[in-house]
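# An overview of the molecular structure
In case you want the letters, here they are:
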2 protein chains.
Amino acid sequence: MAKIVIKFGGTSVGSTDRIVAAAKIIKKKINKGNTIIVVVSAMAGKTNELIQQSLKVSKNFNSRELDVLLASGEQVTSALLAGALEDIGIKARSYMGWQIPILTDGKHNNSRIINMRVEKINKFILNKGVAIIPGFQGISKEAEITTIGRGGSDATAVAIAKVFNTDECEIYTDVEGVYSADPKQFSKAKKIKKISYEEMLEMSSLGAKVMQSSAVQTAMIYDLPLHVRSSFSSAEGTKIFGSENIDYSKTISGVTYSKDEAKITLLGVQDKPGVAADIFEPLGKNSINVDMVIQNISPDGKTTDITFTIRRSDLIKTIKTIKSNKKNVKFQSISSDKKVSKISIIGAGMITTPGVTYKMFRALAKEKVNILAISTSEIKISVIIKESDTSKAVKKLHTVFNLD
Amino acid sequence: MAKIVIKFGGTSVGSTDRIVAAAKIIKKKINKGNTIIVVVSAMAGKTNELIQQSLKVSKNFNSRELDVLLASGEQVTSALLAGALEDIGIKARSYMGWQIPILTDGKHNNSRIINMRVEKINKFILNKGVAIIPGFQGISKEAEITTIGRGGSDATAVAIAKVFNTDECEIYTDVEGVYSADPKQFSKAKKIKKISYEEMLEMSSLGAKVMQSSAVQTAMIYDLPLHVRSSFSSAEGTKIFGSENIDYSKTISGVTYSKDEAKITLLGVQDKPGVAADIFEPLGKNSINVDMVIQNISPDGKTTDITFTIRRSDLIKTIKTIKSNKKNVKFQSISSDKKVSKISIIGAGMITTPGVTYKMFRALAKEKVNILAISTSEIKISVIIKESDTSKAVKKLHTVFNLD
């Protein structure tokens, strides 16, 4: 007997069959005497379809009306799920963002939830009703429909878990949880049973497919446990907690990779204070995110080489920006490489385990994988390597850190 | 410079191209200095698609949730049209039923609009903004979403014309107006330029395809002129007025037919007071609508024959109901014919023109069309004939009453 928030993602309500299946999952929990609030996404593909329609009507579709348009997607799923529950004898009712209301800061297309009323829903769920809330939507003080950004249904679920003070928050998706490596690419990848918020956030390439980062951040702030699992299976998924609740028998929780990288090196840069700022300021102004930066020690005290990584899709724009900035930053030549990938090992356990970096580098060296750049944080070590070495590197690290 | 309500039906906003076309129609009117409120239907086919989805989830879909589900259709069109207008430089804003609010009597799936607020929208349209209102939806006193029945966007448009005291109410659809006969079947059918509310309502088979009857009734009560026209052409359509505003050079405005009829005859019915009530009461209780009734004069003073017409789809149910009621109503035998159709001539001019009935019967006799039953009202004469005579009869009447 617990108070549970259950969130169903787009594929988990992607067809009328899936909606009926979701209703059955809820029924089981109700029959065990639990109190349930459900948050739903739009049916898979629906939000993209609506965005496509908006673009056919206007290349620069009005942001207020985009929110009105997109909020319809979750409205449809909410009503269908409520109807499916009523059909199998479970009292259920959908509550639109404006009916609750869920109050946001009023920013169109990218709002933040700031408050919500609980009376109506509390009364209903305490009488054994299932309240169904469309994710992703809320209203401003002026009663305008606002949405909270793509993947925002996760944020709605976490906000509801907080405001309604629930015991559990289950995020149903189409994968069984978070894995120690990409399970589609590496057969030895294992499902992670427990993971900390921090690790989940660092698992950018693995975790982000499963759950929206800002929702994980919010859960971390309020210390709300999450359970990410599949609506296509009854298996337990991955539980996300504060790191103090996790027993780290393994130093590393997962190995991730991203082939979305490119590397740029500026050779013979004049070595003087402020030169890095002079290089990177124009990039920031052009919305180019610089990831890793390595500056070699200046051998002659006059010039140095600076290497940094960016998103591969920003490569041309980046080179153009640097060249047009040549009067502020002197350098001899520029070289770039877009056949690189980023491999990361993530684990809260590494804070208390010395030698992880060394172990990683040794393992890669044994596979003759050349490291082009390195960056480290408290719970993550990332290296840039040749793209063709990706699979070999991930496999090796997965084995070396006892994840197989 | 007028205040105009413009309503676009499903086909007039049936695609993003049609929505852009609708925006251009509005822009022309705005550029002439008019003040505009727009009412939109769901995109053609959308409401049926949502109903189909609901039926896949539940054969007996919850009526409250059906309203939440269906209201999403008009929400999508409203947002897309507002975005299309903004794109061509026209200030526009969608207002959902709950934002205005449009208050209904609270009955799910078949509500009636009882009131709406005007302040917000008046302020916006007087500042040259186009207000876009989703048809078909409103909210109850308890802030529940309610819809006002299929085709309800016409009713929304008429209610708005009344409450906002507009000068005109244009109903855009996919036909150019109301015709003197079905233009798809009879090449000589002509568009009717002006028609009275009463005639429009009697034009069941022609008029109902163009505009929802209850909306015409409401317009009649408040004496609101309507203009039914096509969004696919710039031609003037059919204007609907009170009959006092129409100059009747023609006695008859149109000839309609319906092949949705069946005829039943009870032979040798005991002729005593109350027998008709005994026959028809059980039919009414079974939701069978009886249309025409003919009772022959009783030749022997003891038994008579009673003929009546019903919807063809009710035929089996009707015979079953009558047979099971045989202990209350004695008759010798029952016969039925489902190969019949109903032909009607409609015209407010017939009130002041004698001999219309005679002229109709004479014309049908000349074509050797046998009349199986007759019913008359002030502005309509209907006859039941053999279904195979339908085309011949409509053509002849269209010619005889100078409609070609």
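Residues numbered from 1 in each chain as written. Chains lettered and ligands numbered in written order. Predicted model: local features only at pLDDT ≥ 70, side-chain atom pairs only at ≥ 80, totals over all residues.

## Things to note about the pairing of strand S9 (residues 168–173) of chain B
All names here are of chain B. The condition is simple: Three exposure classes are used, based on other C-beta atoms lying within 10 Å of a residue's own C-beta, which is placed from the backbone: buried for 20 or more, exposed for 12 or fewer, and partly exposed in between. The way it works is that DSSP assigns letters per residue, a run of H or I at least four long becomes a helix, a run of E at least two long becomes a strand, and they are numbered from the N terminus. A pair of strands is labelled paired if DSSP reports no fewer than 2 bridges between them.
Counting buried residues along S9, five of its six residues qualify, which places the element largely inside the surrounding structure. Pairing geometry for strand S1 (residues 3–8) and S9, over five bridges, is parallel. Across the sheet, Lys7 pairs through a bridge with Ile171, a residue of S9.

## Brief notes about unusual backbone geometry
Residue and element names in this part refer to chain A. Looking along the chain, the bond that leaves Ile100 and enters Pro101 is cis, with omega of -15 degrees. Position of Pro101 relative to the elements: it lies in the loop between strand S3 (92–94) and strand S4 (102–104). The phi angle at Phe136 is positive, at roughly 80 degrees, despite the residue not being glycine. Its place among the elements puts Phe136 in the loop between strand S6 (130–134) and strand S7 (137–139).

## Section: the sheet that holds strand S17 (residues 373–377) of chain B
Residue and element names in this part refer to chain B. Let me state the cut-off plainly: Axes, fitted as lines to C-alpha atoms, cover a helix only where it is in contact. Angles between the N-to-C directions of the axes lie from 0 to 180 degrees. We call two residues in contact if the C-beta atoms placed from their backbones are at most 7 Å apart.
Ordered in space as S14-S15-S13-S16-S18-S17, the six strands form an open sheet in which the pairing is antiparallel. Pairing within the sheet leaves two strands with one partner each, and these edge strands are strand S14 (290–295) and S17. Along the sheet, successive strands turn relative to each other by an average axial angle of 30 degrees, direction set aside. Here eight bridges tie strand S13 (residues 254–270) to strand S15 (residues 303–311), and the two strands are oriented antiparallel to one another. Paired with Ile264 across the two strands is Phe308, which belongs to S15. Packed onto the sheet, helix H9 (residues 275–285) meets S13, S14 and S15 and runs at close to 160 degrees relative to S14.

## Things to note about the interface of chain A and chain B
This is how the line gets drawn: Any residue outside Ala, Val, Leu, Ile, Met, Phe, Trp, Tyr, Cys, Pro, Asp, Glu, Lys and Arg is labelled polar, Gly included; the first ten of those are nonpolar and the last four are charged.
Contacts between the two partners involve 28 residues from chain A and, on the opposite side, 28 residues from chain B. Of all elements in the fold, only helix H1 (16–31), helix H2 (46–57) and helix H3 (63–87) of chain A reach the threshold of two or more residues within the side of chain A that touches chain B. Ranked by residue count, the leading element in the side of chain A that touches chain B is H3 of chain A, at 14 residues. Class assignment of the residues belonging to the side of chain A that touches chain B gives a composition of 13 nonpolar, 11 polar and four charged.

## Notes on the packing of helix H1 (residues 16–31) of chain B against helix H3 (residues 63–87) of chain B
Axis angle and axis distance: for two packed helices, these are the angle between their axes and the distance between the axes, and together they describe the pair. Residues and elements named next belong to chain B. The condition is simple: Angle categories are assigned with fixed cut-offs, so that under 35 degrees is roughly parallel, over 145 is roughly antiparallel, 65 to 115 is roughly perpendicular, and the rest are oblique. Helix crossings fall into two classes, left-handed where the near helix is turned counterclockwise from the far one by less than a right angle and right-handed where it is turned clockwise.
At their nearest, the axes of H1 and H3 sit 9 Å apart, and the two run at 55 degrees to each other. With respect to H3, the element H1 is oriented oblique. Crossing of H1 over H3 shows right-handed handedness. On H3, the residues that touch Thr16, Ile19, Val20, Ala22, Ala23 and Ile26 of H1 are Leu80, Leu81, Ala84 and Leu85. Considered class by class, the residues forming the contact of H1 with H3 number nine nonpolar, one polar and no charged.

## Observations regarding the domain arrangement of chain A
We apply this condition: Each domain's limits were defined by an automated method or a database of domain assignments.
Along its sequence, chain A is carved into domain 1 (3–174) and domain 2 (254–400). Distance between the C-alpha centres of domain 1 of chain A and domain 2 of chain A: 40 Å.

## Some thoughts on the relation of the copies chain A and chain B
Our working rule: Overlaid copies result from least-squares superposition on C-alpha atoms, with residues included only where pLDDT is at least 70 in both.
Note on the copies: chain A fits chain B at an RMSD of 0.2 Å, the axial shift is 0.1 Å, and the rotation between them is 180 degrees. These values place the two chain copies in the arrangement generated by a two-fold rotation axis. Of the C-alpha atoms belonging to chain A, the one lying closest to the rotation axis is found on Ser72 of chain A, 2.6 Å away. When you check the interface residues of chain A against chain B, 100% turn up at the interface there too, and the contact is symmetric in its surfaces.

## Overview of helix H2 (residues 46–57) of chain B
Each α-helix turn comprises 3.6 residues. Residues three or four places apart therefore point the same way. The condition is simple: Expected span, for any helix, means 1.5 Å times one less than how many residues it has. Relevant arc is that of directions from the helix axis to the C-beta atoms, nothing else.
Between its first and last C-alpha, H2 of chain B extends 17 Å over 12 residues, near the 16 Å set by a 1.5 Å rise per residue. Within the span of H2 of chain B, buried status applies to Thr47, Leu50, Ser54 and Val57 of chain B. All buried residues of H2 of chain B lie within an arc of 80 degrees about the axis, which places them on one face of the element. Along H2 of chain B, the residues that are exposed and aim more than 90 degrees away from the buried face are Glu49 and Gln52 of chain B. Buried residues along H2 of chain B sit in contact with H1 and H3 of chain A together with H3 of chain B.

## Some remarks on the nonpolar core
Buried together is how nonpolar side chains tend to be arranged in soluble globular proteins. The cut-off we apply is this: What we call a nonpolar core is a set of buried Ala, Val, Leu, Ile, Met, Phe, Trp, Tyr and Cys residues whose membership is set by joining through C-beta atoms within 7 Å.
One finds Val38, Leu81 and Ile132 of chain A together with Val38, Leu81 and Ile132 of chain B to be the most contacted residues of the largest nonpolar core, which totals 225 residues. Taken together, domain 1 (3–174) and domain 2 (254–400) of chain A each give at least three residues to this core, which thus spans both. For Ile132 of chain B, the contacting residues outside a window of four places in its chain are Val38, Val40, Ser78, Leu81, Ala82, Ala92, Arg93, Ser94 and Tyr95 of chain B.

## Quick notes on the pairing of strand S9 (residues 168–173) of chain A
In the sheet, S9 of chain A pairs with strand S11 (residues 226–230) of chain A via four bridges, with the strands oriented parallel. Within the sheet, the bridge partner assigned to Thr173 of chain A lies in S11 of chain A and is Ser230 of chain A.

## Regarding the packing of helix H11 (residues 356–366) of chain A against helix H12 (residues 390–400) of chain A
Residue and element names in this part refer to chain A. One way to put it is that H11 packs onto H12 with a least axis distance of 10 Å and a crossing angle of 130 degrees. As summarised for this structure, H11 and H12 are arranged oblique, according to the angle between their axes. Along this stretch, H11 crosses H12, giving a crossing that reads as right-handed. Note on element contacts: H12 touches H11 through Ala393, Lys396, Leu397 and Val400, opposite Lys359, Met360, Ala363 and Leu364. When its residues are assigned to classes, the contact of H11 with H12 shows six nonpolar, no polar and two charged.

## Some remarks on the environment of Thr376 of chain B
Residues and elements named next belong to chain B. Along the chain, the position of Thr376 falls in strand S17. Taking C-alpha positions, Thr376 is 16 Å from Ile310, a pair spaced 66 residues apart along the chain. Contacts of Thr376, omitting those with residues within four sequence positions, involve Thr357 and Ile381.

## Considerations on the sheet that holds strand S1 (residues 3–8) of chain A
Strand pairing within a sheet occurs via backbone hydrogen bonds; the two strands may be parallel or antiparallel. Residue and element names in this part refer to chain A. Taken together, eight strands build an open sheet; the order of strands is S3-S6-S2-S1-S9-S11-S12-S10 and the sheet is mixed. Each edge of the sheet is formed by a strand with only one pairing partner; in this case those strands are S3 and strand S10 (194–196). Strand-to-strand twist in this sheet, taken as the mean axis angle between neighbours without regard to direction, amounts to 20 degrees. On the sheet, H3 packs against strand S2 (35–40), S3 and S6 and is oriented at approximately 165 degrees with respect to S6.

## Here's the deal with the confidence of the model for chain A
Test applied: pLDDT: the predictor's confidence for each residue, scored from 0 to 100.
Per-residue confidence for chain A gives a mean pLDDT of 92, with 99% of residues at or over 70. Our summary of model confidence lists the complex with pTM equal to 0.86 and ipTM equal to 0.86.

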